[in-house]
Amino acid sequence: MSRVLGSLLLTVLLLGCSAAPAPAPTSSESFTTTDVAWLQLAEALHTRALPLLELAGDRAADPPLAGLAARLGEEHESERGRLRALLAQARVTGENPHEQHDMPGMPTAADLDALSGLRDEAFDRRFVTLLRAYLKQLALVADGEQNAGGAQQARELAAAMRREHTADLAELDRVAGRP
């Protein structure tokens, strides 16, 4: 059921956010429009979440939550690099059409402004809510790529990211004291 929902969500996002089709890559790998849209969407989600993750260092009341945010910030910066490498391999250049959109799971400028005014337990509660939404969205769109993508490298990265973000969600729940 979640795979179907992930595929449907990715399709809806693709229809709502048109991206130019990718030119044929120079390798034997063939990137589809779905692959390119997923790579761009995942990269935009990561880009938007990095400032969110940075805020936890000096505002979180819970040291394990701040530690999780720091680790995720480093890992998600690395993931951005992997996403960008595949975009380059697909010969996609230019501005990411998803970066300026406010989509599910993306912390908005208003979210970040509000969060930057909070500290301690109030910060932790709002931060956990935003981080959970972000991680769930990453896992959901990764499901969509796994089910509808064409390029094996993109599908493999989506599978790895799905596993990582599902584990991150479990760790967030453990750190936040959620059963």
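Bear in mind that the values here come from a model prediction, so they are computed numbers and not experimental data.

1. Quick word on the pattern of salt bridges
When the charged atoms of two side chains with opposite charge come close together, those side chains can pair.
Turning to step 1, where the next piece is worked out: Counting across every chain of the model gives 13 salt bridges.
Turning to step 2, where the next piece is worked out: Between R80 and E43 there is a salt bridge, and its shortest N-O distance comes to 3.3 Å. Placement of R80 in helix 3 (residues 63-89) and of E43 in helix 2 (residues 33-59) is noted, with a sequence separation of 37 residues between them.
Turning to step 3, where the next piece is worked out: E43 sits in the buried class, given a relative accessible area of 3%.
Turning to step 4, where the next piece is worked out: With its nearest N and O atoms 3.1 Å apart, the salt bridge here joins E77 to R80. A residue pair is termed a helical-turn pair when its members lie 3 or 4 positions apart in one helix, as E77 and R80 do in helix 3 at 3 residues.

2. Concerning the packing of aromatic side chains
Turning to step 1, where the next piece is worked out: One pass over the structure, following the stated rule, counts 1 aromatic pair.
Turning to step 2, where the next piece is worked out: Plain terms: the ring middles of F123 and F127 are 5.3 Å apart, the flat faces sit at 15° to each other, and that makes the pair stacked. Of this pair, F123 and F127 are both found in helix 5 (residues 120-148), 4 residues apart, which corresponds to roughly one turn of the helix. Here F123 matches F127 in class, with each residue buried.

3. So, unusual backbone geometry
Turning to step 1, where the next piece is worked out: Even without being a glycine, R91 presents a positive backbone phi close to 60°.
Turning to step 2, where the next piece is worked out: In this fold, R91 is placed in the loop between helix 3 and helix 4 (109-116).
Turning to step 3, where the next piece is worked out: Judged by its relative accessible area of 41%, R91 is partly exposed.
Turning to step 4, where the next piece is worked out: Look at D120: it is not a glycine, yet its phi comes out positive at around 60°.
Turning to step 5, where the next piece is worked out: Within the fold, D120 resides in helix 5.

4. Looking at the nonpolar core
Turning to step 1, where the next piece is worked out: By size, the foremost hydrophobic cluster in this structure holds 47 residues, and its most contacted members are F31, W38, F127, L131 and L135.
Turning to step 2, where the next piece is worked out: If one sorts the elements of this core by residue count, helix 2 sits on top with 13 residues.
Turning to step 3, where the next piece is worked out: Beyond its immediate chain neighbours, meaning those up to four positions away, F127 contacts L52, L53, A56, L65, A69 and L115.

Quick notes on the rules
Residues numbered from 1 in each chain as written. Predicted model: local features only at pLDDT ≥ 70, side-chain atom pairs only at ≥ 80, totals over all residues. Heavy atoms only, no water. Salt bridge = Lys/Arg side-chain N within 4 Å of Asp/Glu carboxyl O. Helix = DSSP H or I, 4+ residues; strand = E, 2+ residues; numbered from the N terminus. Buried < 20%, exposed > 50% of the residue type's maximum accessible area, 1.4 Å probe, protein only. Phe/Tyr/Trp six-rings, centres within 6.5 Å; stacked < 30°, edge-to-face > 60°. Core = buried A, V, L, I, M, F, W, Y, C linked by side-chain atoms within 4.5 Å. Contact = heavy atoms within 4.5 Å.

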